[in-house]
Amino acid sequence: MVHDNKVVSFSGQKPPARFSLPAALVRLRDASGQSLKSVLASFFDRADDALFELADRAGSNLDQTAYFDAMRELRLRRKAMVVSILQYVSQAFNEIGKFQPQQAARSLDDVDQDSLSLVDHSQLEQQVAIDNLINKLRNRYTEQIRLLTVRVGHLVPGIDLKDAQMPLSPEIICGGVAEACADLDIDIRAKLVVLKLFDRLLADTLGDFYKEANRTLINEGVMPDMKRPPAGKVPARSGQPSPNAGAAPSATGDQGSSAGDSHDSSMSQATFSELSALLHRGDSSSSGSVAPGGGGYIDTDRLMARLTEAQSSSRQWGDGAVVPLSEQLQPLLRSGDGKSLSVGQVDSDVINLVSMLFDFILEDRQLHPVMKALIGRLQIPVLKVALSDKNFFNRGGHPVRKLLNELALSAIGWTEKKAGQRDPLRDKIEWVVDRVLSEFTTNVTLFEELLKDFSHFMDLDRRRRELVEQRLRDAEEGRARQERASQAAESLVKELTEQRDIPESVAGLLNEAWTKYLQWVVLREGEDSDRWQHARNLTEQLVWSVDPRPVSESTRGDLLRAIPAIVDDLRKALQEISWDPFATDAAIRDLELAHVDVFQRLVTAPSRQESPSATPEDLPQSERPAGAPATPVEAEEVLKETQAPAAPGKQPVAGVSEPSSLEPESALESESAETADLVSPQWLQKAESLRVGSWIELTRDETKVRCKLAAFIKATGKYIFVNRSGAKVAEYHRQELAADMEAGKISMLDDGLIFDRALESIIDNLRSSRKD
């Protein structure tokens, strides 16, 4: 057996002891271990209660004894069973591709007839219980298990990984359960009870476990855009080029396996082989990036050395200057005597793909030209990474891709500052680019370090901007509430004083101090509160007390009873808002004089019911026929009013018409309604669907301004836009926003990941050219 193991070991090109798990699988192993530990802890907690219930309902003493034995053994062996299962799963990770699950490896062909007769049927019953659990898991969580199998297989392309050998497959987990149960010191009846408990309780909790495992690999950038597993059986991935291969096999060898899947695979997870197949089938081989053959050949190592020498040359470019990658490569692909050098097919494909990626980035309208120039200086370093690691194109979590995405995302709202102004973001991006150009050779850890540093810088910057934007939102919402409160208070006063003869002094009280009190009630309690209703009633009483209409026999008595309470409530209300006490006393005195005047009019002018033949002079001014002469006293008052100028900010006497403060608002609403009629519904819908955080570019006086939607104020229906510093630059109502969007004055900016958008564009273009 020892000799056989050595022979098997030499036949495999990688001894098990020398195989190292990919980092993503190590993280999956550790994370899934913790998750499985929690799942098992929950199982044992529920198992104890379930066994007690089963024992309580047992039909015989024999069944009850089996349940209690199982309960006692699980309590004693709980910790050991958890450790055993976790070690079993961990071993499957460490020996991936070679580890055979206990139950999967054992078949009827491996067991002779004598052993079956000795075991009786107890072990067969255990095997059936385990097989049922495996089938139950596979049937219930088919999609999640297949997704996980594809992702794990993607990480170990050199291993022919069977479904049952995937370290978190139902066969592995159930094999661990079977091995842990084998050590239980109970009879077969109690052991089957335990296995049935696993079938009943554990199977229901593993759905979230598999989702979490897939999420762990997605966070590591392993096929993040794959939403559904490929149709049919997962193919072996032995044909995928190894990341460490110096000169990868020709792309033509992979065309057969990748071309058929290229339409079904997600764009951002397309492998290099699939991209290469699309490149050749579309006849898109670039003649600018690679020197024509005939002069000589340059291998990958020599090309990488030349790229490293030329890498720092982009630091001497002028501001805003960008040299295409094809032009940068022309002097590098010539020998000392000036003859052209050709590169291998795989290197040629990599150069073409990287060139197309940066062509998209440098033509992207979302980026400012200055930022395009800075990111464009990274063309050679990115090419070096792509030449050394073909997984660069399909690994979403690659540090180089993530750094490019972060740089582009941070610059989407950037605008160039005036000369002499400090620009921390531009300085930081220039520092990142300079470090890459001066320090990068082949070690990608530099990009990981820069990504971490830049992400920290952006986090601090984001927090600062969020604080500024939050203050702006609070201020705008406060202003909106204030406007609404002012509108409610002024509307109430206007509604109750219309068609009323209000003395000037009382009108001043209503429009100043009392309006402030009404605003305070709205802001503090709201318009639906009892406090607001009480304030409204008091306003009605106050207006009625200075102009009691209609007049009846009981009016004078009603006034005598109501006025003390009105004056008292008025004083208390003004004290609540800390109104000037001297101004309050003066207002109360003016109100008392108005009340005295009302009583005098009531004495000299009896009600219409008492004197049906009353002359126009006996009636209140508001009830006289048009053109009726005024009484001498009233004429004198009118004369005084015309001679004395009205105090600033005071409400004029009734009968004098002035524009209401709400008229501009009404005009604005009517104007907005007219605008809404002119704007097509689809643009109104786009304006409504605009989410907070969206970037737009608006044109003002032939100047383009980039800003972000910081808040939508529901009270006023306003959209508030800020620049990258958090300062307010524009505000729109929905109709105005939709109208400007339709007129082309506002355009949306795409804040998606630039590398992924570039890759999707390349694939679309290649597929289109292939169809043509």
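Because the structure is predicted, anything quoted here is derived from the model rather than measured.

Cut-offs used in this document
- Residues numbered from 1 in each chain as written.
- Predicted model: local features only at pLDDT ≥ 70, side-chain atom pairs only at ≥ 80, totals over all residues.
- Heavy atoms only, no water.
- Helix = DSSP H or I, 4+ residues; strand = E, 2+ residues; numbered from the N terminus.
- Buried < 20%, exposed > 50% of the residue type's maximum accessible area, 1.4 Å probe, protein only.
- Contact = heavy atoms within 4.5 Å.
- Areas by Shrake-Rupley, 256 points an atom, 1.4 Å probe, with all protein chains shown as cover.
- Pairing = 2+ DSSP bridges.
- Axes fitted to C-alpha atoms, helices over the stretch in contact; angles between N-to-C directions.
- Parallel < 35°, antiparallel > 145°, perpendicular 65-115°, else oblique.
- Nonpolar A, V, L, I, M, F, W, Y, C, P; charged D, E, K, R; others polar.
- Phe/Tyr/Trp six-rings, centres within 6.5 Å; stacked < 30°, edge-to-face > 60°.
- Lys NZ or Arg CZ within 6 Å of the ring centre and 35° of its normal.

Novice: Hey, could you run me through the overall build of the chain in this one?
Specialist: On a plain count of helices and strands, the chain comes out with 29 helices and five strands. Among the 772 residues that make up the chain, the fraction classed as buried is 43%. Within the chain, contacts between residues separated by at least 24 positions form 74% of all contacts whose residues are at least 6 apart in sequence. Carbon and sulfur atoms form 49% of the exposed surface of the chain, whose accessible area is close to 40,400 Å².

Novice: Even after reading the chapter, I still don't get the sheet that holds strand β2 (residues 703-713), so can you show me in this structure?
Specialist: Pairing between the strands of a sheet is mediated by backbone hydrogen bonds and can be parallel or antiparallel. One open sheet accounts for five strands, arranged β4-β3-β2-β1-β5; its pairing is antiparallel. Two strands bound the open sheet, and with one partner strand each, they are β4 (728-733) and β5 (746-748). Taking each pair of neighbouring strands and ignoring which way they run, the sheet shows an average axis angle of 35 degrees. Sheet topology places strand β1 (residues 695-700) next to β2; six bridges connect them, and they run antiparallel. Within the sheet, the bridge partner assigned to W695 lies in β2 and is K708. Those strands touched by helix α28 (residues 734-742) are β3 (718-722), β4 and β5, and its axis lies near 100 degrees from that of β4.

Novice: Teacher, can you tell me more about the pairing of β4 here?
Specialist: For a regular strand, the rule is simple: side chains alternate between the two faces of the sheet. Bridge analysis of β3 against β4 gives five bridges, and the strand direction is antiparallel. In the sheet register, V722 faces β4, and the bridge partner there is K728. Where β3 hands over to β4, the hairpin turn is made up of five residues, of which G726 adopts a positive phi near 95 degrees.

Novice: Sorry, what's going on with the packing of helix α23 (residues 555-576) against helix α24 (residues 581-604) here?
Specialist: Each pair of packed helices gets described by two things: the angle between the helix axes and the distance between those axes. Running from N to C, α23 and α24 point in directions that differ by 170 degrees, and their axes come no closer than 11 Å. Taken as axis vectors, α23 and α24 run roughly antiparallel relative to one another. Of the residues in α24, those in contact with T555, R556, L559, L560, I563, V567, L570, R571 and L574 of α23 are T584, D585, I588, L591, H595, V598, F599, L602 and V603. For the contact of α23 with α24, the residue count by class is 12 nonpolar, three polar and three charged.

Novice: Can you walk me through the packing of aromatic side chains in this structure?
Specialist: For any two aromatic rings, the description comes down to two numbers: the centre-to-centre distance and the angle of the planes. Within the structure shown, the criterion is met by 10 aromatic pairs. Both rings, one in Y88 and one in F99, keep their centres 5.2 Å apart while their planes meet at 85 degrees; by these two values the pair is edge-to-face. Here Y88, found in helix α3 (residues 61-94), pairs with F99, found in the loop between α3 and α4 (102-105); they are 11 residues apart in sequence, far enough to count as distant. The pair Y88 / F99 is uniform in exposure class, with both members buried. Site record: aromatic cluster; members linked through ring pairs are Y141, F209 and Y210. The cationic tip of K428 hangs over the ring face of W431; the distance from NZ or CZ to the ring centre is 4.3 Å. A cation over a ring is seen here: K686 above W683, with NZ or CZ 4.3 Å from the ring centre.

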